[in-house]
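# A structural walkthrough
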Amino acid sequence: MTRSSERAAGPGGARQARGKPESPAPEDDAGGPRYKSIFQALSRDISTGRYPVMTLLPTEHELCDQFNASRHTIREAIRMLTVAGMVSRRPGVGTRVETARASTRFTQRISQFPDLLQYARNAALLVQDVRTIKLPKRLAEALGCAADKTWLHINSIKTLDDANTAAASTLIYADPEHSDVRVEVKSRISLLRLIEDHFGDRITEVNQEFSATPINATIARQLKVEPKSAGFVITRRYYGEGGLLLLATITTFPHDKMKYSMTLNVA
């Protein structure tokens, strides 16, 4: 099975006409970051149909010229559009408009390993607790490894636009026998950097598992939701040669804050 190329709709699949935005993107009234005003301008252009659903946005280079902004600023604005579920990014294809209305849910569109790395690149996590633990039997079974073995446990939260609001809880488990992972409480870590620095060259397989489960009291306090309310859980296991489990993450979202999208094309 292969993933077919995606292109903009319109005559001959050509991109939509480019040009200056219909409305300028001034700095926020409160003097906020430049990327937020660009995000707002692009959101308006998408919602008004300037960039229709299933077409591609201008390239990063074109947007840099259009808004007189740096590449980093444009990428952050695009990240916000991605988090809002309005666009998706495809290596070698571009940034495609998915919907004209922003979603309050966190949306993941992952069908290839590069998509997962892109998600990890955007996953900035605020560390709440770091310790070593002996895996209890139930957790060991969930991770697919031996019980009573000592693992590094990192309790973190994922935030989106509001740095004070937790969008998800992410528990990270790393095998200390195969990596010297060190992070500090209250630090912000990049999941991609952690993977690349400690496991990148050795990961040969990634397994994903999705489940619906009541949110336990500890995580509910982090997410500021009612205990035992519905949660959407993604468990990812990163394996090395010989099926050796190197790293695992368990991310819990409130059920109304997460949407997962997957496209399967038949060759």
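Reading the values: rules and limits
- Residues numbered from 1 in each chain as written.
- Predicted model: local features only at pLDDT ≥ 70, side-chain atom pairs only at ≥ 80, totals over all residues.
- Heavy atoms only, no water.
- Helix = DSSP H or I, 4+ residues; strand = E, 2+ residues; numbered from the N terminus.
- Buried < 20%, exposed > 50% of the residue type's maximum accessible area, 1.4 Å probe, protein only.
- Contact = heavy atoms within 4.5 Å.
- Polar contact = N/O pair within 3.5 Å; in protein donor to acceptor, adjacent residues only side chain to side chain.
- Pairing = 2+ DSSP bridges.
- Axes fitted to C-alpha atoms, helices over the stretch in contact; angles between N-to-C directions.
- Arc of directions from axis to C-beta.
- Salt bridge = Lys/Arg side-chain N within 4 Å of Asp/Glu carboxyl O.

### A look at the overall build of the protein
- The number of helices and strands found in the protein is seven helices and 11 strands.
- Taken across its 267 residues, the protein has 45% of its residues classed as buried.
- Of all intrachain contacts in the protein linking residues separated by at least 6 positions in sequence, the fraction that spans at least 24 positions is 61%.

### So, the side chain of Asp175
- Turning to its location among the elements, Asp175 is positioned in the loop between strand E6 (166-174) and strand E7 (188-190).
- You can call Asp175 buried: its relative accessible area is 0%.
- A distance of 3.0 Å separates a polar atom in the side chain of Asp175 from the backbone nitrogen of Glu177.

### Quick word on the sheet that holds E6
- Spatially, seven strands are ordered E7-E4-E5-E6-E10-E9-E8 in an open sheet, and the strand pairing comes out antiparallel. Among the strands making up the open sheet, the edge pair consists of E7 and strand E8 (205-214). Each strand of the sheet is rotated relative to its neighbour by a mean of 30 degrees, with strand direction disregarded.
- Here six bridges tie E6 to strand E10 (residues 245-254), and the two strands are oriented antiparallel to one another. Within E10, the position partnered with Ile172 by the bridge is Thr249.
- Across the sheet, helix H6 (residues 191-198) is in contact with strand E4 (124-134), strand E5 (150-159), E6, E7, strand E9 (230-239) and E10; its angle to E7 comes to roughly 60 degrees.

### Overview of helix H2 (residues 60-67)
- Glu60, Leu63, Cys64, Gln66 and Phe67 are the residues of H2 that are buried. Angularly, the buried residues of H2 cover 165 degrees about the axis, an arc narrow enough to put them on a single face.
- The elements touched by buried residues of H2 are helix H1 (34-47), helix H3 (71-83) and strand E1 (87-90).

### What about H6?
- For H6, the set of buried residues is Leu191, Leu192, Leu194 and Ile195. Across the axial projection of H6, the buried residues extend over an arc of 165 degrees, all falling on one side. Facing away from the buried side of H6, by more than 90 degrees, are the exposed residues Arg193 and Asp197.
- Sitting at the amino-terminal end of H6 is Ser190, which places a side-chain oxygen 3.1 Å from the backbone nitrogen of Arg193.

### Digging into the pattern of salt bridges
- In total, this model carries eight salt bridges according to the counting rule given.
- Close ionic contact of Glu60 with Arg71 constitutes a salt bridge, the shortest N to O distance being 2.7 Å. Placement of Glu60 in helix H2 and of Arg71 in helix H3 is noted, with a sequence separation of 11 residues between them.
- A salt bridge links Asp180 to Arg182; the shortest N-O distance between them is 3.1 Å.

### Topic: the pairing of E1
- In terms of strand pairing, E1 meets strand E2 (residues 94-97) through four bridges, oriented antiparallel. Looking across to E2, one finds that Ser88 is bridged to Arg96.
- Two successive antiparallel strands, E1 and E2, enclose a turn made up of three residues, where Gly92 displays a positive phi of approximately 80 degrees.

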